[in-house]
Amino acid sequence: MAEIRDLAGCRPCTRRSEIVVPMITHSDWFVKAFWQSLATGITRASNLYGITSVLIRPLAFSPANEAVLVNAAAKNYSLMGTTSIPADLANVGVAVKNASLNGTTVISFNVGDLFIEQDAVMHHIGQPESIAGFKMGAALAALGSRAILCVMHQIGSVTEQQRCQGAMSGALSVAPLANFTTITADGTSIGVLKTAVNYELDSNPALDGMISLGQDVVDYYVAVLATRGQTASVRLATFDVNLSIIAQMQRNQLVLCLNQQQVLQGFGTMLLLKTFYMTRGQKLMTKLLLAGPALVTPADAPAMPCRLNSTLPGCVTTAPSSVTIGVVSLTAWSISDAFTQQAQFGVLNAAREHGVHVKFLETGLFDLQALALQVQTAISTRSISALVVPIPSRASAQDYGALADLAAAASIPVFSYGTGAILGADKVSSGAIKFHLGQDESVSGARFGARLNELMAAGTQVLCLSLEFGNDDMQLKCAGIQSALTGGRSVIVNSGNSLVLTIAARNALLAQQTLVTALNSNPNIGAIVFPNAEMARTVVAALATSSRASSPPILAGYGYNLDVAEMIRAGTVAFTADEQPFLQLYLATVFASYYLTDGLVLTNPLLETGPNFIDQTTLPAAIC
């Protein structure tokens, strides 16, 4: 298969030393505490991964100034991280869009989620401002505030407008008759800011809630309320969190703060740009990566100082060398199928970079009950620090959701991958699983089915294959395929009312015979869906000896290797869905390690790695 790589014109290798990422802010990296904190995440990733970051800032707060910086960076670098002067699509937005169109891979962070709508960035990592505001407003109203003041301190900031509008919606969702006031005051002048707040407090004696939109100004509001003797009567909440804010909360000067996990924003931007470059294009399909919003209450305050600065006296840090990540395979890590080998490579790469240990959990064959017992033992003996596991079944004696609960009860964080977006969704909602890496099987199936629907003749049927009894993965995908079929097309219903025909995983001859029988007995089969890359060759062999040899049905499936790539190039396979197993297990291991050592994690319930469809059009890029 070497020649197919040559045809694609692939680069021979990629090097970390080649990675230089300009990180552009609309504010100031070196003066303001929030941006200093975010920069520590950038530096952490740069040092950990052996890559270079360049911190860039405008000399003055101006959309035009930042746009100039973005344009200049795009001319000199192939990767870029940037904020936007809030939602400024006319200046920075145009610059980012042009950079993307000209080949620069861009991730926006902190502010700039509207870039996603322009399709200008690979990801945005941060939080939608209106959602963050909604959460803050609802929480403040839930505490009893009915007359709330929101103070915008950056004149012309669309982000602050979104925060206040979201806060108003949140407050009204809890208390429909609440009174909500928004004002703008120049935050560059302490005197102007304090005068504006005092005026509102004088004008509206009923005010009992107030929202600060950043850590740079909250001290002034605390001082104003203390001087007026209204610290107890006006509940003050703020965006952002730092040691000073936590101290104010412990002194009952603040009732809430909102953690944007800015360190994670900086770290995540560098991580994902590095991964994209080193893998020649592997990326999450989830565009919006949520670093927040996470509300911090007085009950959370005692634990926060060590989370913010683990070097403080009395804080205990977790050394990477003390961490063991338990990673589960449904079969065996030693088998040679493409998914397993790529997944294992991802685990080992992440473990080496982060300096953690790995415990591979397996049974050597597909036995969900025996594997569940092995995982249970690893949890109960605490031989693992974190668990990375599929959720293939919720049936009695092999309930992998229950294993997530068991791990969570033992304070072992769980990250699911592969199978489990649907079966483990309730465990993600409950917090037993941090997030799932992979794909929603039903959504994946529906997208797959829509493609098949365009290729199949009307009135024909799809034969869906599976290799593993008890694993609901292909059953869910094929139900999704069925939901997208029209024109009399349908998925074949097999014995036991199953949408999949399960064939022998370890006996290629028996699997081929089963397929030949199915093909000979049903001339209406218009498409066959294989469950992994290795099964594609078995299906082709069966077709050659069946009654359909001269008029084969459409062949498509899940999984990708060079053998499937060659079959796509030859026209034997119409398309395949690459689930990016390397990316799944690499990021699962990275985030498990990072959560244990740094205490930070994305809040998305699902990080999609597929389906990434590969056909003759997209094949050249996929080969590399």
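Residues numbered from 1 in each chain as written. Predicted model: local features only at pLDDT ≥ 70, side-chain atom pairs only at ≥ 80, totals over all residues. Heavy atoms only, no water.

Chemist: Let's hear about the overall build of the protein chain: which residues, and what values?
Modeler: Helix and strand content of the protein chain: 22 helices and 25 strands. A compact globule built from 624 residues would reach a C-alpha radius of gyration of about 25 Å, and the protein chain, at 27 Å, matches this within 12%. C-alpha atoms of the protein chain, sized along the principal axes, occupy 90 × 55 × 50 Å. Looking at the protein chain as a whole, 55% of its 624 residues are labelled buried. The contacts in the protein chain between residues at least 6 apart in sequence include a share of 76% that link residues at least 24 apart. Summed over its atoms, the accessible surface of the protein chain is roughly 24,000 Å², and 55% of this surface lies on carbon and sulfur atoms. (Helix = DSSP H or I, 4+ residues; strand = E, 2+ residues; numbered from the N terminus. Rg over C-alpha atoms; globule rule 2.2 N^0.38 Å. Buried < 20%, exposed > 50% of the residue type's maximum accessible area, 1.4 Å probe, protein only. Contact = heavy atoms within 4.5 Å. Areas by Shrake-Rupley, 256 points an atom, 1.4 Å probe, with all protein chains shown as cover.)

Chemist: Describe the pattern of salt bridges, listing the residues and the values that go with them.
Modeler: Opposite charge on two side chains makes pairing possible when the charged atoms of those side chains draw close. Across all of its chains, the model carries 16 salt bridges by this definition. Linking Arg-537 and Asp-563 is a salt bridge whose minimum nitrogen-to-oxygen distance equals 2.6 Å. With Arg-537 in helix H19 (residues 533-544) and Asp-563 in helix H20 (residues 562-570), the pair connects residues that are 26 residues apart, well separated along the chain. Accessibility expressed as a relative area gives 39% for Arg-537, which makes it partly exposed. By sharing partners, the salt bridges in this structure join Arg-16, Lys-274 and Glu-353 into a single network. (Salt bridge = Lys/Arg side-chain N within 4 Å of Asp/Glu carboxyl O.)

Chemist: Can you tell me about the sheet that holds strand E7 (residues 179-184), naming the residues and giving the values?
Modeler: Ordered in space as E7-E6-E8-E9-E10-E12, the 6 strands form an open sheet in which the pairing is mixed. Lying at the two open borders of the sheet, with one neighbouring strand each, are E7 and strand E12 (294-296). Strand-to-strand twist in this sheet, taken as the mean axis angle between neighbours without regard to direction, amounts to 20°. Sheet topology places strand E8 (residues 209-212) next to strand E9 (residues 235-239); 4 bridges connect them, and they run parallel. In the sheet register, Gly-209 faces E9, and the bridge partner there is Arg-235. Those strands touched by helix H9 (residues 243-250) are E9, strand E10 (256-259) and E12, and its axis lies near 155° from that of E10. (Pairing = 2+ DSSP bridges. Axes fitted to C-alpha atoms, helices over the stretch in contact; angles between N-to-C directions.)

Chemist: Go over the side chain of Asn-471, please, and point to the residues and values.
Modeler: Locating Asn-471 in the fold gives a position in the loop between strand E18 (461-466) and helix H17 (473-484). Polar side-chain contacts of Asn-471 include one of 3.0 Å to the backbone nitrogen of Asp-473. Look past the residues within four positions of Asn-471 in its chain and what remains in contact with it is Leu-330, Phe-366, Leu-368, Pro-392 and Thr-419. (Polar contact = N/O pair within 3.5 Å; in protein donor to acceptor, adjacent residues only side chain to side chain.)

Chemist: With reference to specific residues and values, describe the state of the cysteines.
Modeler: In total, this model carries 3 disulfides according to the counting rule given. Paired by a disulfide, Cys-150 and Cys-164 hold their sulfur atoms 2.1 Å apart. Disulfide Cys-150-Cys-164: torsion about the S-S bond near -80°, hence left-handed. Of this pair, Cys-150 sits in strand E6 (residues 147-152) while Cys-164 is found in helix H6 (residues 158-174), placing the two residues 14 residues apart along the sequence. As far as burial versus exposure is concerned, Cys-150 and Cys-164 are alike and both buried. For the unlinked cysteine Cys-257, the closest cysteine sulfur is that of Cys-306, found at 16 Å. (Disulfide = S-S within 2.5 Å.)

Chemist: Go over helix H3 (residues 63-76), please, and point to the residues and values.
Modeler: For H3, spanning 14 residues, the distance from its first C-alpha to its last is 20 Å, which sits close to the expected 20 Å at 1.5 Å a residue. Buried within H3 we find Glu-66, Ala-67, Val-70 and Ala-73. Projected down its long axis, H3 carries its buried residues within an arc of 125°, all on one side. Along H3, the residues that are exposed and aim more than 90 degrees away from the buried face are Val-68, Lys-75 and Asn-76. Where H3 begins, the side chain of Ser-62 points an oxygen toward the backbone nitrogen of Ala-64, at a separation of 3.3 Å. (Expected span 1.5 Å × (residues − 1). Arc of directions from axis to C-beta.)

Chemist: Mind laying out the sheet that holds strand E16 (residues 414-418), listing which residues take part and the relevant values?
Modeler: Sheet architecture is open: 6 strands sit in the order E14-E13-E15-E16-E17-E24, paired in parallel fashion. Unpaired on one side and paired on the other, strand E14 (357-361) and strand E24 (606-608) mark the two borders of the sheet. Strand-to-strand, the axes of this sheet are offset by a mean angle of 20°, without reference to chain direction. Where E16 meets strand E17 (residues 436-438), 3 bridges bridge the pair, whose relative direction is parallel. Counted as the bridge partner of Tyr-417 is Leu-437 from E17. This element, helix H12 (residues 338-354), spans strand E13 (324-328), E14 and E16 of the sheet and lies at about 155° to E14.

Chemist: An account of the environment of Ala-408 is needed here, citing residue identities and associated values.
Modeler: Among the secondary structure elements, Ala-408 is positioned in helix H14 (residues 400-409). Overall, Ala-408 belongs to the partly exposed group, its relative accessible area being 34%. In sequence terms Ala-408 and Ile-379 are 29 residues apart; their C-alpha atoms lie 9.5 Å from each other.

Chemist: I'd love a proper account of the packing of aromatic side chains, names of residues and values included.
Modeler: Aromatic ring pairs are defined here through the distance separating the ring centres and the angle between the ring planes. Summed over the entire model, instances satisfying the criterion amount to 14 aromatic pairs. A centroid spacing of 4.8 Å and a plane angle of 55° characterise the contact between Phe-448 and Phe-575, whose relative ring orientation is tilted. Placement of Phe-448 in helix H16 (residues 441-455) and of Phe-575 in strand E23 (residues 575-578) is noted, with a sequence separation of 127 residues between them. An identical accessibility class is assigned to Phe-448 and Phe-575; each is buried. Clustering of aromatic rings is evident, with ring pairs tying together Trp-29, Phe-34, Trp-35 and Phe-109. Sitting over the face of the ring of Tyr-49, Lys-274 holds its NZ or CZ atom 4.4 Å from the ring centroid. Over the ring of Tyr-558 we find Lys-477; its NZ or CZ atom is 4.1 Å from the centre of that ring. (Phe/Tyr/Trp six-rings, centres within 6.5 Å; stacked < 30°, edge-to-face > 60°. Lys NZ or Arg CZ within 6 Å of the ring centre and 35° of its normal.)

Chemist: Break down the environment of Ala-536 for me, with residues and values.
Modeler: One can find Ala-536 in helix H19. When the C-alpha atoms of Ala-536 and Leu-555 are compared, they prove to be 8.1 Å apart, with 19 residues separating the residues in sequence.

Chemist: Pulling in residues and values, what's your account of the pairing of E13?
Modeler: Taken across its 5 residues, E13 has 5 buried, putting it largely inside the fold. The side-chain alternation of E13 yields two buried faces, one formed by Thr-324, Gly-326 and Val-328 and the other by Ile-325 and Val-327. Bridge analysis of E13 against E14 gives 5 bridges, and the strand direction is parallel. Note that in E14 the partner of Thr-324 across the bridge is His-357. Once you follow E13 into H12 and on to E14, the crossover reads as right-handed. (Right-handed = clockwise from strand over helix to strand, strands pointing away.)

Chemist: For the environment of Val-316, give the residues involved together with the corresponding values.
Modeler: Within the secondary structure layout, Val-316 lies in the loop between helix H11 (304-308) and E13. Look at Val-316 and you get exposed, because its relative accessible area is 76%. For the pair Val-316 and Cys-306, spaced 10 residues apart in the sequence, the C-alpha separation amounts to 7.9 Å.

Structural measurements only, silent on function.
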